[in-house]
There are 2 protein chains.
Amino acid sequence: MSVEARKLQAPDRVPAGTGRVRAVIENVRPQVDGGRFPIKRIVGEAVRVTAEVFADGHDCVVVQLLHRHDGDSRWHAAFMQGLGNDRWQATFAPAALGIARYRVRAWVDHFMTWRRDLQKRHAAGQDLGVEWLRGAALVEAAARHSGSARLAAFAARLCDAGAPTEKRLELAAHPALAALMQTHPDPALVALSDSLEVMVESPRARFSAWYELFPRSTSPDPGRHGTFADLRTRLSYVADMGFDVLYLPPIHPIGITARKGRNNRVQAAPGDPGSPWAIGSAAGGHKAVHPELGTLEDLRAIVSDARALGLEVALDIAFQCSPDHPYVHEHPEWFRKRPDGSIQYAENPPKTYQDIYPFDFESEAWPALWDELLEVVRFWIGQGIRIFRVDNPHTKPFHFWEWLIRTIKQQHPDVIFLSEAFTRPNVMRRLAKTGFSQSYTYFTWRTTKHELVEYLTELAQHDSREYFRPNLWPNTPDILPENLQFTGRTGFMLRVTLAATLGANYGIYGPAFELLEDRAREPGSEEYLDSEKYQQRTWDLDRADSLRAYLAHLNRIRREHPALQADWSLHFHASDNDALLCYSKCTTAGDDCVLCVANLDVHHSQSGWVTLDLDRLGIDAAQPFQVHDLLSSARFLWRGARNFVVLDPSQGPAHLFLLRRQRRSEHDFDYFL
Amino acid sequence: MSVEARKLQAPDRVPAGTGRVRAVIENVRPQVDGGRFPIKRIVGEAVRVTAEVFADGHDCVVVQLLHRHDGDSRWHAAFMQGLGNDRWQATFAPAALGIARYRVRAWVDHFMTWRRDLQKRHAAGQDLGVEWLRGAALVEAAARHSGSARLAAFAARLCDAGAPTEKRLELAAHPALAALMQTHPDPALVALSDSLEVMVESPRARFSAWYELFPRSTSPDPGRHGTFADLRTRLSYVADMGFDVLYLPPIHPIGITARKGRNNRVQAAPGDPGSPWAIGSAAGGHKAVHPELGTLEDLRAIVSDARALGLEVALDIAFQCSPDHPYVHEHPEWFRKRPDGSIQYAENPPKTYQDIYPFDFESEAWPALWDELLEVVRFWIGQGIRIFRVDNPHTKPFHFWEWLIRTIKQQHPDVIFLSEAFTRPNVMRRLAKTGFSQSYTYFTWRTTKHELVEYLTELAQHDSREYFRPNLWPNTPDILPENLQFTGRTGFMLRVTLAATLGANYGIYGPAFELLEDRAREPGSEEYLDSEKYQQRTWDLDRADSLRAYLAHLNRIRREHPALQADWSLHFHASDNDALLCYSKCTTAGDDCVLCVANLDVHHSQSGWVTLDLDRLGIDAAQPFQVHDLLSSARFLWRGARNFVVLDPSQGPAHLFLLRRQRRSEHDFDYFL
């Protein structure tokens, strides 16, 4: 809704000061829910703004994009280009973290109208006598208003009846005159749209490779509980694979009451360590470290060492308590009471989770609860943490997240939040709107060509991309999907190759992933057997079949190819075999272009013809081009749209081609000319 | 933007009173530009409201549609039905003219959640002891809050541990209990969307047949200037053809200075009457009647006589002046001055229109100008006029129209405005948004099957239908389209048949239309030769080839068939011949269904197969059905989707079939059972 228009809502009064505004501005894009939520960008990423702008009658309309960072004192103005049919566009790139704003302003421009009509009158052979006076009057008025001596000089020269007509026409068309005239529009004639917001984030919000591990399983000694000291020696293992986010499940004291045993047994056996998501014990709550892991100081050392290796440590935010959490006694008003006086444990009837007490966000004491949870996040930021993976955000109110993230980002605009919500589409999208930088997705279960094309196209092309940044995970501690249970090593390679190339953000839960852990707790289940959620594990990282080297290779390719560092260019190309998935990503400039052809059948060789959208790839249909497989180093010379591909699963799951366009031909040689 | 959400915009303060609201409401539809403009309906026409509504977690959400007329003291509430995937819908029908409002409210409902979970717990064989206490506590609290004795009784019975479980479960599921519980949601938990507006208009805004004529050409005596007295005797001619709006071009005094001659000559010859759109002379301006036509009293008599015949008189609103208009001397500040002191005449360089002075809407004196133009409309309303055709609204500011129409409709919600803007799509749509009840369209120039299907589908199906009501004109005094110049009588029949059946609102400029006037001023021109805009004409209404009877037949069919009285059901069916255009319109209830097959080739017989969308028509593919041509009275028995059609232009331009579904078969006879 434009500002000038809103003032009109009292229809029986003449709206003060707006009646002379003739330009109208509609449909300013991008926007989310009419400006209710910000769009998202990383620093330096372009925002292409479009709008429909027009006025009554035939006069010229001048349209500007205004933008500024929240910290700037004034708006920057850029002229918008007409695309025809009253559509206009301009692009800006927010330069700093935080909130930037943009809006459109427009006005009927009498000088530009006069200039345009002058040409038409002249071409029709009409007398221009009065026209020179009209034009000079416009310029004089602007000169008076702005105090510009240059404009005054222009006005004087336009009046010079002694000058030849051609000279005067040149003068009227002088670009400097137009530029000066448009610097000072009459405020009483200017239409202004409401301003829209961009949340500007750090580059890692758009491009990141996550590695999740359980600190208690980092001990090399079988049976010994891992510590932060063990984790510290594990950092280079993760960094060498090329990951840049190391995500740790909750590191807080674990409750004892109703503790779950191995494989999610209702009764814990002596020595069972419990689930890290059952947070809080006599040793402390959300701001404490589990004593068996180490101390806050140890954690700070890990954060610092990791950062030196290019790794950012991400912590888990799970806003729930074990029955032993200090909050339970200190703030019983934050929990729901049952009629028998006990505290309501978590449940999704008929399922019950007696080891977890959810907060009651409908409590009358919600302001204190919100403040305390904000303090939890602030506490870990104080320890050097800049990335948070938020557990089950969809079971806490949307308004709470919006407030929390907005408040944190006001002081720390570099902080990244990942939303772990596997739920209905509207709920996942709403969480992203409220401010989460990244979101888990349904990729985990999308396996067929049809499913992948449909879903990834939605993520990359739908309007929701303005606020929903996908983060693709082949597995998580909660999900060993069927597509990894019966597909062997090639299956793991396939799923991580898809995740790492379809998504600029992706992650794996390791070492279960690279060590090909594929045993479910029972047939038909997606839960891991001997899940680390309930017990400590020891992993043989040096196993010969580990995917460690493959992951390092994949992440190196991602780092070397900007095409893979953003999502919006994703484009699927046709293939005549449903087992062959073909897609490309290119940079906006087109100087880096990666084409993937994946074999979705991990058991058999598959072959077929792919039909490339050559325009999309910037390839001349008449020229041969080289495709260079970055995984196998093989090179092929292709020509035209249709090309043959054969993929043998024993050789790997996919071609990951770098496109090398033919840049030189005999025409480039001097002697050809 | 929802109300509760907007309060959150100051992110570092805890928003007072909204933190416990867990439901969110998104995407309430229909809406125009986020609620900036009203949608449009006629009295009694349904508004189907949809929204996406959900909350965090697993609790039940209750969603209501609230609606009220501006005059009502309170909102009416209706439960919305879940469509799955967090989508909800409900329908209401505004009952009175004027502005109605609608919005959505929703809340997490603890009683409904408890009731749902109770069943799940019972099915899982869990102990319900505490659950009965929880449920009773919820009902008790509502009973206290509302003072409802009935709720108190329900609460007491839920607590009765002596009752059998099955009885208590029945009690919990009692619909009356749920209804009572949902009458009193806790205001602190209720989310409420912003309210949206419906402009509720009279039925004629959606269904009307317009007839335009020049009063000065109504004299039966060749060469004599027609008068209101002549027009009065012409009313039954128009009414008998079945039209219900009689639209008169401007009836005001015509300027003398720079008057245009016949066929738009720059110099008028003595006796040339001038263009009625050059308004104003010494005899008066926009509130006066041209002396040669008659008096205000005569006009009022016409309005009254016409109404008795079912005809509403529409006047032209052309906000522009001849150089002789009293405003020019009384209010020179409403016009633009040229540097030589003269008043700026209308121009679209290099074209000039010296007989017209446009108002300067950028004048500092705009408030007085707006008020005076409003008074002009009020004046004619005072004479009994309820319909206005607005000339060139796109050359006056959008804000002006929005204010004027809104102000008029506050007192006179039955008044209808037709926007005569043949210009760019965004401009035409914006005018419709500002409040025009109906709009001229590009139909006049759409002739091929592809063009008609594309454009009419847009008008009937695009979101713009919420505010843009098309009015289809085969001709106007300004436009004798090529498609009428070389197509003879059948061409005229074709174009009016299309207009009258594709559009619930349509109009013709007569008697030029029914008398098949097809001579353009010059080859390639769309201007009439001897146009009535610049001269008086005498018409022989009794000519044998007049389309008078055909028009009467067509309008009778429109009146008898509700399917033709609205636009949104328009659906095109496939045909294998591009000269055959096949489409249907049906009532929402499906009890009236008209199928048109038109032959777009007026010179040759055309035949081919049409493939009907039987689901759309509510026809059983296995049963024969009768198609009854309302134009020719022929009847055919069809069966299935594919049917053969042959149309001979000498017999008429189209079949206009009433679909008669086979309603009885042998199964309906007693002895078959």
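For the structure itself, consult the block above.
Residues numbered from 1 in each chain as written. Chains lettered and ligands numbered in written order. Predicted model: local features only at pLDDT ≥ 70, side-chain atom pairs only at ≥ 80, totals over all residues. Heavy atoms only, no water.

Remarks on the overall build of chain A
Regarding its fold elements, chain A presents 17 helices and 30 strands. Considering chain A as a whole, with its 673 residues, one finds that 60% of them fall into the buried category. In chain A, once contacts between residues fewer than 6 apart in sequence are set aside, the share between residues at least 24 apart is 74%. On chain A, roughly 26,300 Å² of surface is accessible, and the fraction owed to carbon and sulfur atoms is 51%. Side-chain charges in chain A split into 77 positive and 84 negative, and the spacing between the mean points of these groups amounts to 4 Å. (Helix = DSSP H or I, 4+ residues; strand = E, 2+ residues; numbered from the N terminus. Buried < 20%, exposed > 50% of the residue type's maximum accessible area, 1.4 Å probe, protein only. Contact = heavy atoms within 4.5 Å. Areas by Shrake-Rupley, 256 points an atom, 1.4 Å probe, with all protein chains shown as cover. Lys, Arg positive; Asp, Glu negative; His and termini not counted. Charge placed at Lys NZ, Arg CZ, Asp CG, Glu CD.)

Focus: the pairing of strand E12 (residues 245-248) of chain B
On any regular strand, side chains alternate: one points to one face of the sheet, the next to the other face. Residues and elements named next belong to chain B. Of the two faces of E12, the one lined by Val 245 and Tyr 247 and the one lined by Leu 246 and Leu 248 are each fully buried. By the bridge criterion, three bridges tie strand E11 (residues 208-212) to E12 in an arrangement that is parallel. Counted as the bridge partner of Glu 212 is Tyr 247 from E12. Read from E11 through helix H7 (residues 228-240) to E12, the crossover connection turns out right-handed. Looking at chain direction, E12 and strand E13 (residues 312-317) are connected through four bridges and run parallel. Within E13, the residue paired with Val 245 across the bridge is Glu 312. Each parallel crossover has a hand, and the one from E12 via helix H8 (residues 296-308) to E13 is right-handed. (Pairing = 2+ DSSP bridges. Right-handed = clockwise from strand over helix to strand, strands pointing away.)

Let's talk about unusual backbone geometry
Geometrically, the link from Gly 510 of chain A to Pro 511 of chain A is a cis peptide bond, its omega value of -10° lying close to zero. Assignment of secondary structure puts Pro 511 of chain A in the loop between strand E22 (505-509) and helix H16 (548-560). Along the chain, Arg 29 of chain B connects to Pro 30 of chain B via a cis peptide bond; the corresponding omega equals 0°. Of note, Pro 30 of chain B is situated in the loop between strand E1 (23-29) and strand E2 (39-42). For Ala 258 of chain B, which is not a glycine, the phi torsion comes out positive at approximately 60°. For Ala 258 of chain B, the location among the structural elements is in the loop between E12 and H8. Of the residues examined, Ala 258 of chain B reaches a relative accessible area of 33% and is grouped as partly exposed.

Things to note about helix H7 (residues 228-240) of chain A
Because each turn of an α-helix spans 3.6 residues, side chains separated by three or four positions in sequence point in the same direction. All names here are of chain A. When the terminal C-alpha atoms of H7 are compared, their 19 Å separation across 13 residues agrees well with the 18 Å that a helix rising 1.5 Å per residue should span. At Arg 234, H7 shows its maximal bend, which comes to roughly 35°. Of all the residues in H7, the buried ones are Phe 228, Asp 230, Leu 231, Arg 234, Leu 235, Tyr 237, Val 238 and Ala 239. Packing partners of the buried residues in H7 comprise strand E11 (208-212), strand E12 (245-248), helix H8 (296-308) and H16. Gly 242 sits one or two positions beyond H7 and adopts a positive phi of about 90°. (Expected span 1.5 Å × (residues − 1). Bend = angle between axes of the 7 residues up to and from the residue.)

A few points about the nonpolar core
In terms of nonpolar packing, the biggest core is built from 160 residues, with Phe 319, Phe 359, Phe 388, Leu 404, Phe 417, Leu 498 and Leu 502 of chain A touching the most fellow members. With nine residues, the top contributor of residues to this core is helix H10 (residues 366-382) of chain A. By size, the runner-up hydrophobic cluster in this structure holds 159 residues, among which are Tyr 247, Phe 359, Leu 459 and Leu 516 of chain B. (Core = buried A, V, L, I, M, F, W, Y, C linked by side-chain atoms within 4.5 Å.)

Overview of a nonpolar patch on the surface
Residue and element names in this part refer to chain A. A surface patch of nonpolar side chains, amounting to about 290 Å² of accessible area, comprises Trp 609, Phe 644 and Val 646. Along the chain, the position of Val 646 falls in strand E29 (residues 642-647). Residue classification places Val 646 among the exposed residues on the basis of a relative accessible area of 51%. (Patch = residues over 30% accessible without salt bridge, like charges linked within 9 Å, V, L, I, M, F, W, Y side chains within 5 Å. Salt bridge = Lys/Arg side-chain N within 4 Å of Asp/Glu carboxyl O.)

Focus on the pattern of salt bridges
Residue and element names in this part refer to chain B. Taken as a whole and assessed by the stated rule, the structure comprises 94 salt bridges over all chains. Measuring nitrogen to oxygen at the nearest pair gives 2.5 Å for the salt bridge that ties Glu 312 to Arg 307. By relative accessible area, Glu 312 is classed as buried at 9%. By relative accessible area, which is 41% here, Arg 307 ends up partly exposed. Linking Arg 389 and Glu 420 is a salt bridge whose minimum nitrogen-to-oxygen distance equals 3.5 Å. Of this pair, Arg 389 sits in strand E18 (residues 387-391) while Glu 420 is found in strand E19 (residues 416-420), placing the two residues 31 residues apart along the sequence.

With respect to the packing of aromatic side chains
Where two aromatic rings form a pair, the distance of their centres and the angle of their planes describe that pair. Residue and element names in this part refer to chain A. One pass over the full model with this rule turns up 77 aromatic pairs over all chains. Between Trp 370 and Trp 403, the ring centres sit 5.2 Å apart and the planes meet at 45°, which makes this aromatic pair tilted. One end of the pair, Trp 370, is in helix H10; the other, Trp 403, is in helix H11 (residues 398-411), with 33 residues separating them in the sequence. Each member of the pair Trp 370 and Trp 403 is classed as buried. The lysine or arginine in question, Arg 36, covers the ring of Phe 37, its NZ or CZ lying 4.3 Å from the ring centre. (Phe/Tyr/Trp six-rings, centres within 6.5 Å; stacked < 30°, edge-to-face > 60°. Lys NZ or Arg CZ within 6 Å of the ring centre and 35° of its normal.)

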